[in-house]
Amino acid sequence: MNFTLWNAAVLPAAFVIVVLHLLLPGAGFWVGTVFALAGLILFGIPHGSLDHVITEKTGDGSFSLIRFLVLYLLTMLVYALFWVWLPAFSLLFFLLMSAWHFGETDLVTENPKQTFSDIAARFLQLTYGSLLLFGLLANDPQQTVDILSSLLVESSVLAGFLQLTETHSWLRFTEFYALGLRILLIRSAWFDQLRLALVLFAALFLPLLEGFLLYFCHHHAWVNLLRVKEKLYEAGQTGLRHMIKDMLPFSLISVVGIVILVLSAPLWLAQVNPVLLFFILISVLTLPHAGIMTRFYYKAAG
Ligand SMILES: CC1=C(/C=C/C(C)=C/C=C/C(C)=C/C=O)C(C)(C)CCC1
């Protein structure tokens, strides 16, 4: 992956936020929250807004935007209904899907040898993603449990998660085992490895959501956007302008939709934690997005 200014710029920004959190917690909270929200609005949420372009450009030429939108919205609707009917199953599915999606993004090499049918590569990606996600959530097990407890009321799984991270403290750092696996499997991109290592290290000193969003927005979403730009758009500023123009409509709809739904939640969904509702909305967007990215990486490798 090419070295870009932003690739490097996130590191001093994360460093300043960590130092602020340690020395001036009040300022750290505000600066960290603004940084996390900016990351979400600029990269985290918009990184799925090119799914229609990816589907069109990697398809067989028979793309129809209406058919794409109907299928996309239908997938979201079905998954949203699952959240209402089977919340525990839907959460487990979300965590597995996220592990898959994170693993798929982070274990792509410059010269991918794995193919779609390569079960070993898929297993490694899922293992990587699970270790990474577990470690990020275990950065603050109590807060993770607090957020989830409005969905899984007095669940033994949550109590088990707390106990496990308390009694086996090495389980709090599984994201670094994931990183080790990545270093073993992808030897070439040294700057990318160092950057991810520093992002994960910074996340250790941040509150749960800021740490998670640092990885999610400034690594995961950023890397995905960069790859889509490299594969599907012209090089340089012209390609960037076209890409931003393509991203704007669905980015705006998603950001505004999520803000409206989360802020109005007390009127229609009083008992669910707003942070959890935010992630449920993200999960509903992620299901069709992850499927499209799997196809994108499959095509890119082929
Ligand atoms: C941080 C966090 C959670 C997990 C969020 C996940 C797993 C997000 C995944 C997003 C993806 C994969 C987006 C698509 O690109 C929980 C457990 C819901 C609640 C505690 C805080």
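Residues numbered from 1 in each chain as written. Predicted model: local features only at pLDDT ≥ 70, side-chain atom pairs only at ≥ 80, totals over all residues. Heavy atoms only, no water.

1. Focus on the packing of helix α5 (residues 87-106) against helix α11 (residues 208-232)
In the contact formed by α5 and α11, the axes pass within 10 Å of each other and the chain directions differ by 55 degrees. By the angle class used here, α5 and α11 are oblique. At the point where α5 passes α11, the crossing takes the left-handed sense. From α5, His101, Phe102, Thr105 and Asp106 reach across to α11, where they touch Phe212, Tyr215, Phe216, His219, His220, Val223, Asn224 and Arg227. Of the residues in the contact of α5 with α11, the class split is five nonpolar, five polar and two charged. (Axes fitted to C-alpha atoms, helices over the stretch in contact; angles between N-to-C directions. Helix = DSSP H or I, 4+ residues; strand = E, 2+ residues; numbered from the N terminus. Parallel < 35°, antiparallel > 145°, perpendicular 65-115°, else oblique. Left-handed = near helix turned anticlockwise from the far one by under 90°. Contact = heavy atoms within 4.5 Å. Nonpolar A, V, L, I, M, F, W, Y, C, P; charged D, E, K, R; others polar.)

2. Focus on the packing of helix α10 (residues 190-204) against α11
Where α10 meets α11, the closest approach of the two axes is 8 Å, and the angle between their N-to-C directions is 160 degrees. Judged on the interaxial angle alone, α11 and α10 are roughly antiparallel. Where α10 crosses over α11, the handedness of that crossing is right-handed. Listed contacts from α11 to Asp192, Arg195, Leu196, Val199, Leu200, Ala202 and Ala203 of α10 are Gly211, Leu214, Tyr215, His218, His219 and Trp222. For the contact of α10 with α11, a count of residues per class yields eight nonpolar, three polar and two charged.

3. Side note on empty space enclosed by the protein
Tallied over the entire structure, the rule returns two cavities of 30 Å³ or more. The space that makes up the largest cavity amounts to roughly 80 Å³. The wall of the largest cavity is formed by Ala14, Ile17, Gly32, Phe35, Ala36, Leu206, Glu210, Leu213, Leu214, Cys217 and His218. Broken down by secondary-structure element, the contributors of at least two residues to the lining of the largest cavity are α1 (5-23), α2 (25-44) and α11. (1 Å grid on protein atoms, 1.4 Å probe; cavity = no way out; pocket = protein on both sides within 12 Å on 5 of 7 lines; lining within 4 Å. Points joined across faces, edges and corners; volume = space filled by probe spheres on them.)

4. Notes on α11
For α11, built from 25 residues, the straight-helix expectation of 36 Å at 1.5 Å per residue is met to within 8% by its first-to-last C-alpha distance of 34 Å. Its maximal kink placed at Trp222, α11 deviates by approximately 30 degrees. Counting buried residues in α11 gives 22 out of 25 residues, a clear majority hidden from the surface. (Expected span 1.5 Å × (residues − 1). Bend = angle between axes of the 7 residues up to and from the residue. Buried < 20%, exposed > 50% of the residue type's maximum accessible area, 1.4 Å probe, protein only.)

5. Some remarks on the site of the ligand
Near the ligand you find 17 residues, and of these His47, Phe94, His101, Phe216 and Thr286 are the closest. Between the ligand and His47, the relevant distance is 3.1 Å, taken from an oxygen atom to a side-chain nitrogen or oxygen of the residue. Residue His220 places a side-chain N or O atom 3.4 Å away from an oxygen atom belonging to the ligand. Notes on the ligand: free accessible area 550 Å², of which the protein chains cover 99%. (Near = heavy atom within 4 Å. Polar contact = N/O pair within 3.5 Å; in protein donor to acceptor, adjacent residues only side chain to side chain. Areas by Shrake-Rupley, 256 points an atom, 1.4 Å probe, with all protein chains shown as cover.)

6. Here's the deal with helix α8 (residues 156-167)
For α8, spanning twelve residues, the distance from its first C-alpha to its last is 16 Å, which sits close to the expected 16 Å at 1.5 Å a residue. Listed as buried for α8 are Leu158, Phe161, Leu162 and Thr165. The arc enclosing the buried residues of α8, seen along the axis, measures out at 95 degrees, which places them on a common side. Turned more than 90 degrees off the buried face of α8, the exposed positions are Ser156, Gln163 and Thr167. Where the residues of α8 are buried, they touch α6 (119-137) and α7 (141-148). The N-terminus of α8 is capped by Ser155, whose side-chain oxygen sits 3.0 Å from the backbone nitrogen of Val157. (Arc of directions from axis to C-beta.)

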